[in-house]
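Letter by letter, the chains look like this.
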Amino acid sequence: MSEEKKPARKKFECQGLYNKVMANHFYELDEASKTGSKKIAWCTSVGPAELLRGMGFLVYFPENHGAMLGATRMATELIPYANAIGYSPDICSYLTSDIGSFMQKKTPLTTAYKIESVPKPDILVFNTNQCRDVQDWFAWYSRELKVPMVGIHTHRDIGEIRNFQVNDIAKQTESLIPALEKAAGQKFDIDRFKEAIELSRQASVLWRACLETASAIPSPWTFFDATIHMGPAVVARGTKEAVDYYEVLLKELNERVAGKVAAIDNERHRIYWDGMPIWGKLSTLSNQFAELNTCIVASTYCNSWIFDQLDPKDPFESMGRAYTELFIVRDEAFKEKYMQNCFEKYKFDGMIFHDAKTCPNNSNNRYGLPERISKGLGVPQLTINGDLNDLRCYSEEQAKTNIEAFIEQLDER
Amino acid sequence: MTDNRVLYAGVDIGASRTKVALLDLKKNLTGFSIKKSGTDFSRTAEECLIEALIMANASRDAVTRTVSTGYGRTNVTFSNDTRTEIGCHAKGAFHYFSRAMTIIDIGGQDNKVIKLDSEGRRINFKMNRKCAAGTGAFLEEMSARLDIPIEEMDGLAKQSTEMVELGSFCTVFSATEVLEKIRQGKKVPDIVKGLFFSVIKRVLEMDLITPPIVMTGGVVEHNSYLVEMIRSKTGVEALLPEHPQLTGAVGAALFAMEL
Ligand code: SF4
């Protein structure tokens, strides 16, 4: 055998700052949870975090905890506990692993930050723009912890956006205020809310700019880097910390582009990734792609996490718009067009669709889209079967061979 | 004594069988060997190579380069490079039939549908999902359940007069269905034909077929009735390479030649 090629994933200088932002987020929550110094709201990933910040809540995101359970590979052990109380192995494995984790009193926060448990909520706030699972997930905690739950019900499968949809979401968001005021023990402060909206917008603009540096050839970073560095955009949405972090990250990425520093040595292929990350296999997959001199330059998961429609001049309406324009709630025609635009920007030569067993909402391969888009763009596509968190649904050898064969196929072109 | 001949070796370590093919400079198959992969892949590969060399009446020095493929491709100590089994089946099938085609490979643990253009380049490929449906493993499991030696299944299927249809995706559910059919007094050849048909259905529903079909893998080599079934179900010409089971190994040897 020829000598194994060593993959080289380049470290980011801002990794230290990243670790600090994430650690502070959890320490602040832990302290508030223990002392009651501040109220805590749990929020779904694209829930109304800005409104919650405007109310003075610290915001905790169970989906982020779900991703940590996946990345630390604790999930597969914990999911069965939720299955045993009636939560099917076929539903969201963030949900099942998170509930399993709560039942077993085990959290990755302990190893990472010496934090014993997730913070206690004062209120649970969902937005079904991700899926219905988030509502059922929070409902379990609401019953278990006897904590109020409120939420927004998003329109789905939307083509062209109409005013009634935006207005409806804006109204639903606004109507949460009395329940939030009650849980917060304080009055709604519109200026604080507007400030959070503005910070969220700024972070989004910067995050978009960071992602777009991957249009450079060679790309300065990969999907695997972005899934990690997306952390502050998720957990610190609406804070100054997130804005500061993305300023630093963008500077570093721009320097890489200027210096032609490639994330993947000898970048031969550029890939679009659709679907959720396979959290427990991020580093294995990252190494495999690096060995194949292939860079995943764009992804639905990271690239659709942009809310630059937010506008402090019109906070509720712009929130309604941002949540309604979101990729995940759009129809197939929009999704197809979105990927075509990505193709023009990122110039990828292959597309990989991850069909996540437990997340149909983020698996865009199920209605013929890969075939249509591949034909339209003349770009080959591959679907791999797996899951975000439940590694029982993933055959590593099959995925590995499929990916390798796909790159061979691209080489033949 | 040194051997002045030039041979290229392809080693295909599948989940079930290991295959070695030796090609000379004119791409003739001069030696081959097939063995159960077992648990020590490197050793099985080594043993297969020795057998193939004996068949080719050649010494080890004659092997100029080796490419390995299949599930255990990285375990071959004497290999110069690796390729995926998808690439090797494509290469091997195109070697025998140089035209655009759909390759259907039914292996021990997985199956593949690979489409090639007229230059032999892959247009796309699909492997089965995680389960055993449509693979050799399904037939093996069923032969054990029915207590029929696997090598007798082909002959039995050919005797069938009225096929029993099985509906399930899942191997375990299929086994239950089979038990149900036995209880109903269905004839064994008809059940076996139903099992074969279930393999065919699972494979054909993976992708659209562009004719002709080239069938590869050990399962069709030993069960020619499957090929007949594919022909009659699709109405499309179904071709078989010289040794369907060796297609991947031959493809690997061809890659070795190009290194
Ligand atoms: S979108 Fe998918 S991963 Fe996210 S919460 Fe819903 S089911 Fe889970």
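Keep in mind it's a predicted model, so treat the numbers as computed, not measured.

Rules of the game
Residues numbered from 1 in each chain as written. Chains lettered and ligands numbered in written order. Predicted model: local features only at pLDDT ≥ 70, side-chain atom pairs only at ≥ 80, totals over all residues. Heavy atoms only, no water. Helix = DSSP H or I, 4+ residues; strand = E, 2+ residues; numbered from the N terminus. Rg over C-alpha atoms; globule rule 2.2 N^0.38 Å. Buried < 20%, exposed > 50% of the residue type's maximum accessible area, 1.4 Å probe, protein only. Contact = heavy atoms within 4.5 Å. Lys, Arg positive; Asp, Glu negative; His and termini not counted. Charge placed at Lys NZ, Arg CZ, Asp CG, Glu CD. Domains from an automatic or database assignment. Buried area = accessible area lost by both parts, 1.4 Å probe. Polar contact = N/O pair within 3.5 Å; in protein donor to acceptor, adjacent residues only side chain to side chain. Nonpolar A, V, L, I, M, F, W, Y, C, P; charged D, E, K, R; others polar. Salt bridge = Lys/Arg side-chain N within 4 Å of Asp/Glu carboxyl O. Near = heavy atom within 4 Å. Core = buried A, V, L, I, M, F, W, Y, C linked by side-chain atoms within 4.5 Å. Phe/Tyr/Trp six-rings, centres within 6.5 Å; stacked < 30°, edge-to-face > 60°. Lys NZ or Arg CZ within 6 Å of the ring centre and 35° of its normal. Axes fitted to C-alpha atoms, helices over the stretch in contact; angles between N-to-C directions. Parallel < 35°, antiparallel > 145°, perpendicular 65-115°, else oblique. Pairing = 2+ DSSP bridges. Right-handed = clockwise from strand over helix to strand, strands pointing away.

Q: Break down the overall build of chain B for me, citing the residues and quoting the values.
A: Across its full length, chain B carries nine helices and ten strands. For 259 residues, the compact-globule estimate of 2.2 N^0.38 gives 18 Å, and chain B sits close to it at 19 Å. Taking the principal axes of the C-alpha coordinates as reference, chain B spans close to 65 × 35 × 30 Å. Counting every position in chain B, which comprises 259 residues, the buried fraction comes to 57%. The contacts in chain B between residues at least 6 apart in sequence include a share of 65% that link residues at least 24 apart. Separation of charge centres in chain B, based on 32 positive and 32 negative side chains, amounts to 4 Å.

Q: Can you tell me about the domain arrangement of chain B, naming the residues and giving the values?
A: All names here are of chain B. Assigned domains within chain B: domain 1 (7–86 + 246–258) and domain 2 (100–240). Distance between the C-alpha centres of domain 1 and domain 2: 26 Å. The interface of domain 1 with domain 2 comprises six residues on the first partner and nine residues on the second. Taken over both partners, the interface formed by domain 1 and domain 2 buries close to 640 Å², and the fraction arising from carbon and sulfur atoms is 70%. Viewed at the interface, domain 2 and domain 1 are joined by zero residue pairs in polar contact (both at pLDDT 80 or more). Grouping the amino acids of the side of domain 1 that touches domain 2 by side-chain chemistry returns two nonpolar, three polar and one charged.

Q: Describe the interface of chain B and chain A, and please don't skip the residues or the numbers.
A: Between chain B and chain A, the contact holds 25 residues from the first and 18 residues from the second. If you look at where chain B meets chain A, you find four salt bridges. Arg73 of chain B is the partner of Glu404 of chain A in a salt bridge, and the nearest nitrogen-oxygen pair spans 2.8 Å. If you look at where chain B meets chain A, you find six residue pairs in polar contact (both at pLDDT 80 or more). For the side of chain B that touches chain A, the secondary-structure elements that each account for two or more residues are α2 (85–96) and β8 (122–127) of chain B. Top contributing element to the side of chain B that touches chain A by residue count: β8 of chain B, with six residues. Classifying every residue of the side of chain B that touches chain A by side-chain character gives six nonpolar, ten polar and nine charged.

Q: If you had to explain the pattern of salt bridges to someone new, which residues and values would you point to?
A: Two side chains carrying opposite charge are able to pair once their charged atoms lie near each other. Summed over the entire model, instances satisfying the criterion amount to 43 salt bridges over all chains. In this structure, Asp265 of chain A and Lys10 of chain A form a salt bridge, with 2.9 Å as the shortest nitrogen-oxygen distance. Here Asp265 of chain A is found in the loop between α13 (240–258) and β5 (269–274), whereas its partner Lys10 of chain A is found in the segment before α1 (15–35), with 255 residues between them in sequence. Using a relative accessible area of 27% as the deciding quantity, one classes Lys10 of chain A as partly exposed. Note that Asp117 of chain B is salt-bridged to Arg121 of chain B, the shortest N-O span being 3.1 Å. In the salt-bridge network here, residues are joined through shared partners; they are Arg208, Glu212, Asp308 and Lys345 of chain A.

Q: Give me the lowdown on the site of the ligand, citing residues and values where you can.
A: As a matter of local geometry, the ligand sits amid Cys92, Tyr94, Gln130, Cys131, Val134, Met276, Cys359, Asn361, Asn362 and Leu388 of chain A. Residues belonging to the shell around the ligand are distributed by class as follows: seven nonpolar, three polar and no charged.

Q: An account of the nonpolar core is requested, with residue identities and associated values reported.
A: Leu180, Trp207 and Trp221 of chain A are the most contacted members of the largest nonpolar core, which totals 152 residues. Considering each element in turn, this core owes the most residues, eight residues, to helix α10 (residues 190–212) of chain A. Discounting residues that sit within four places of it in the chain, Leu180 of chain A has contacts with Leu51, Leu52, Met55, Phe57, Ile123, Val125 and Val150 of chain A. Residues Val164, Ile200, Val227 and Val236 of chain B belong to the second largest nonpolar core, which totals 36 residues.

Q: Quick one: what's the story with the packing of aromatic side chains, residue by residue and with numbers?
A: Throughout the structure, instances matching the rule amount to 28 aromatic pairs over all chains. Centre to centre, the rings of Tyr272 of chain A and Phe348 of chain A are 5.3 Å apart; their planes meet at 45 degrees, and the pair counts as tilted. With Tyr272 of chain A in strand β5 and Phe348 of chain A in the loop between α17 (332–346) and β7 (350–356), this pair connects stretches of sequence that are 76 residues apart. Pair check on accessibility: Tyr272 of chain A and Phe348 of chain A agree, each one buried. Over the ring of Phe78 of chain B we find Arg60 of chain B; its NZ or CZ atom is 5.2 Å from the centre of that ring. Over the ring of Phe255 of chain B we find Arg83 of chain B, and its NZ or CZ is 4.8 Å from the ring centre.

Q: Please give an account of the packing of α2 of chain B against helix α9 (residues 247–258) of chain B that cites residues and values.
A: Residues and elements named next belong to chain B. Axis separation between α2 and α9 bottoms out at 7 Å; the angle between their running directions is 90 degrees. Overall, the two elements α2 and α9 adopt an arrangement that is roughly perpendicular. Only Thr247, Gly248, Val250, Gly251, Ala252, Leu254, Phe255 and Glu258 of α9 make contact with α2, whose side of the interface consists of Gly87, Cys88, His89, Lys91, Gly92, Ala93, His95 and Tyr96. Residue composition of the contact of α2 with α9, by class: seven nonpolar, seven polar and two charged.

Q: Before we move on, can you summarise the sheet that holds β5 of chain A with the specific residues and values?
A: Residue and element names in this part refer to chain A. If you trace the four strands from one edge of the open sheet to the other, you get β6-β5-β7-β8, paired in parallel fashion. Each edge of the open sheet carries a strand with a single partner, namely β6 (294–299) and β8 (381–386). The average undirected angle you get between the axes of adjacent strands in this sheet is 30 degrees. Here β5 pairs with β7 via four bridges, running parallel. Following the sheet pairing, Trp273 is matched in β7 by Ile352. Strand contacts of helix α14 (residues 282–291): β5, β6 and β7, with the helix running at about 125 degrees to β6, the strand carrying the most contacts. The strands touched by α17 within the sheet are β5, β6 and β7, with β5 carrying the most contacts at an inclination of about 155 degrees.

Q: A description of the environment of His155 of chain A should follow, citing residues and the corresponding values.
A: All names here are of chain A. Its place among the elements puts His155 in the loop between β4 (149–152) and α8 (163–174). Sequence separation between His155 and Gly320 is 165 residues, and the spatial gap between their C-alpha atoms is 11 Å. Setting aside anything within four residues of it in sequence, one finds His155 in contact with Phe164, Gln165, Asp168, Ile169 and Val329.

Q: Can you lay out the sheet that holds strand β5 (residues 81–82) of chain B for me, pointing to particular residues and giving the numbers?
A: Within a sheet, each strand pairs with its neighbour through backbone hydrogen bonds, oriented either parallel or antiparallel. Residue and element names in this part refer to chain B. What the five strands build is an open sheet, ordered β3-β2-β1-β4-β5; its pairing is mixed. Strands with a single pairing partner mark the edges of an open sheet, and in this sheet they are β3 (29–36) and β5. Packed on one face of the sheet, helix α1 (residues 41–56) meets β1 (7–13), β2 (17–24), β3 and β4 (63–69) and runs near 145 degrees to β3.

Q: So what's going on with the environment of Val236 of chain B? Residues and values would help.
A: All names here are of chain B. With respect to the secondary-structure elements, Val236 resides in the loop between α8 (224–234) and β10 (238–239). Counting along the chain gives 211 residues from Val236 to Leu25, while the straight-line C-alpha distance between them is 34 Å. Discounting chain neighbours no more than four positions away, the residues touching Val236 are Pro211, Pro212, Ile213 and Arg231.

Q: Would you mind going over the pairing of β8 of chain A in detail, with residue names and values included?
A: All names here are of chain A. β8 sits mainly inside the fold: five of its six residues count as buried. As defined by bridge partners, β7 adjoins β8 across six bridges and the pair is classed as parallel. The residue of β8 that forms the bridge with Met351 is Gln381. This β-α-β element, β7 to helix α18 (residues 369–377) to β8, shows right-handed connectivity.

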